[in-house]
Amino acid sequence: MATSKDYGLGEHTFPRGWFMIADSAKVDSKPQSLRFFGQDFALYRGASGRVVLLDAYCPHMGTHLACETTSFVVQDGRVEGDSIRCPYHGWRFNADGKCDDIPYSDAPIPRAAKVKSWPVEERLGGVFVWHDPEGGEPEWAAPDLPEWQDKSWVQWQFDDLGTLACHPQEIIDNIADCSHLGPLHGSTVQFFENEFRGHLAIQRQGGGHRTLVSADGKSAMLITDTVYHGPGVLLSHLTGMHDSIIFIAHTPIDDGVVHVWHALLVKAASGLPVANESDIVAARAYQQSALWSFAQDFGIWANKRPNLHGMYVSGDGPHRKARAWYKQFYNPRARKQEFLAEAEGVYSPQGMPGAPVAARGEMSLAAAVAAG
Ligand code: FES
Ligand SMILES: [Fe+2]
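Residues numbered from 1 in each chain as written. Chains lettered and ligands numbered in written order. Predicted model: local features only at pLDDT ≥ 70, side-chain atom pairs only at ≥ 80, totals over all residues. Heavy atoms only, no water.

We now examine the nonpolar core. Core analysis: the largest hydrophobic core is formed by 76 residues, its most contacted members being Ile21, Trp156, Phe247 and Trp325. There are two domains that each give this core at least three residues, and those are domain 1 (17-131) and domain 2 (146-371). In this view, Phe247 contacts Met20, Phe128, Trp156, Phe158, Val233, Leu234, Leu235, Trp261, His262 and Ala263; residues no more than four positions away in its chain are not counted. Listed in part, the 17 residues of the second largest apolar core include Val52, Cys86, Phe93 and Ala95. (Core = buried A, V, L, I, M, F, W, Y, C linked by side-chain atoms within 4.5 Å. Buried < 20%, exposed > 50% of the residue type's maximum accessible area, 1.4 Å probe, protein only. Domains from an automatic or database assignment. Contact = heavy atoms within 4.5 Å.)

Another aspect to go through is helix H6 (residues 336-343). Considered for burial, the residues of H6 that qualify are Phe339, Leu340 and Ala343. All buried residues of H6 lie within an arc of 100 degrees about the axis, which places them on one face of the element. What points out from H6, more than 90 degrees from its buried face, is the exposed set Gln337 and Ala341. Those residues of H6 that are buried are in contact with strand S13 (187-197), helix H5 (319-327) and strand S19 (345-347). After H6 finishes, the residue Gly345 shows a positive phi value of roughly 140 degrees. (Helix = DSSP H or I, 4+ residues; strand = E, 2+ residues; numbered from the N terminus. Arc of directions from axis to C-beta.)

To continue, consider the environment of Gln328. Within the element layout of this structure, Gln328 appears in the loop between H5 and H6. On the accessibility criterion, Gln328 (0% relative accessible area) is buried. Once the C-alpha coordinates of Gln328 and Gly136 are considered, the two residues, 192 residues apart in sequence, prove to be 14 Å apart. Apart from residues no more than four positions distant in its own chain, Gln328 is found in contact with Arg16, Gly198, His199, Lys336, Phe339 and Leu340.

Moving on, we come to the sheet that holds strand S2 (residues 32-36). What the three strands build is an open sheet, ordered S2-S3-S4; its pairing is antiparallel. Since the sheet does not close on itself, it has two edges, and those belong to S2 and strand S4 (51-55), each with one partner. Averaged over neighbouring strand pairs, the angle between their axes works out to 30 degrees when direction is ignored. Of the pairings in the sheet, the one linking strand S3 (residues 39-45) to S4 comprises five bridges and is antiparallel in character. From the neighbouring strand, Tyr44 faces S4, where its bridge partner is Val52. (Pairing = 2+ DSSP bridges. Axes fitted to C-alpha atoms, helices over the stretch in contact; angles between N-to-C directions.)

Turning our attention to helix H4 (residues 277-303). Helix length check: H4 (27 residues) gives 39 Å between terminal C-alpha atoms against 39 Å at 1.5 Å per residue, within 8%. Remark: the principal bend of H4, roughly 25 degrees, maps to Ala295. Among the residues of H4, those classed as buried are Asp279, Ala283, Tyr286, Gln287, Ala290, Leu291, Ser293, Phe294, Gln296, Asp297, Phe298 and Trp301. (Expected span 1.5 Å × (residues − 1). Bend = angle between axes of the 7 residues up to and from the residue.)

Moving on, we come to the pattern of salt bridges. It is possible for side chains bearing opposite charge to pair when their charged atoms get close. One pass over the full model with this rule turns up 21 salt bridges. Across the pair Glu193 and Arg204 runs a salt bridge whose closest N-O atoms are separated by 2.6 Å. With Glu193 in strand S13 and Arg204 in strand S14 (residues 200-209), the pair connects residues that are 11 residues apart, well separated along the chain. Among the residues examined, Glu193 registers a relative accessible area of 1% and is labelled buried. Taking the shortest distance from any N to any O, the salt bridge between Glu338 and Arg335 comes out at 3.0 Å. Judged by relative accessible area, Arg335 falls into the partly exposed class, the value being 28%. Counted as one network, the salt bridges with shared partners bring together Arg16, Asp132, Glu139, Arg333 and Lys336. (Salt bridge = Lys/Arg side-chain N within 4 Å of Asp/Glu carboxyl O.)

On their own, these measurements won't tell you what the molecule is for.
Printed below as a string of structure tokens:
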């Protein structure tokens, strides 16, 4: 397994950006222990509905706030309002991470009695955290889609694909990987281009697809407009059998290990303003097809050796540009322009037409505006 250092990504081990950490539907008043970015966390939903993400370890004597289950603190209800009590001696921490009650002591609460509270947002059915090794404010808005609230679309349920022992660099490589689309996915690519702009990495592609539009991979066209919104969240607009939007999130757990989620938002096939039961059945089945297609990538990543020095030939996508784009997230914000100066622009592999104007811009811009 290779590390961020092995890939020469930059000063930080884990990138800056918004990352999915949980399925909203699974977050309740029972605290969960999570591990991301090489750190341990406690996650729970307070009585107000607010989702709270705290550093896991109590400053008193180092207990994990979310793990112990037999303590009477836990049996009596560990989450009070939006606060959480440590199971060992009952210190209570509010949603901002400050200790506001030590049940057995009259002395003033020490100022250092606090844990870090992380900025989280609930969007698209998920919980997202802003991670920044420099501790800065979010550089762009958390991912969102106008279609999510549109009742003529069927909201997704996440495929939680669990842990993948693969550095996220290998996953990001996919955005520029034109030449895997035919052999791996059965696509007959007719146009392909990448655009790197700020925190967005865009891929515009059109052609047949053996899983998602027609078994022969030729007789129907699938147009995909795929955007990485920062280093951890991909949204891909598909126009083919059903208008739909793929969601893929990968979040580093430790250096070289990620957690992966997949989902598909599908426009109701009935065309009704509110999706009905059969639309939901069709959407779930289409998500299964999309998952099957994604599993083809997943199977490669799960078993490949690290690609530290690719041997690229003409016809391969602009991998070096994609890697330059990705480095901005592993380095101080003040150095971002160095990487953007190398990466920004529109590129197509040699001999491959770029996107026709009709396929360029509109969908990417809509997605970019929605996601900030
Ligand atoms: S270790 Fe948390 S209250 Fe003592
Ligand atoms: Fe792929």
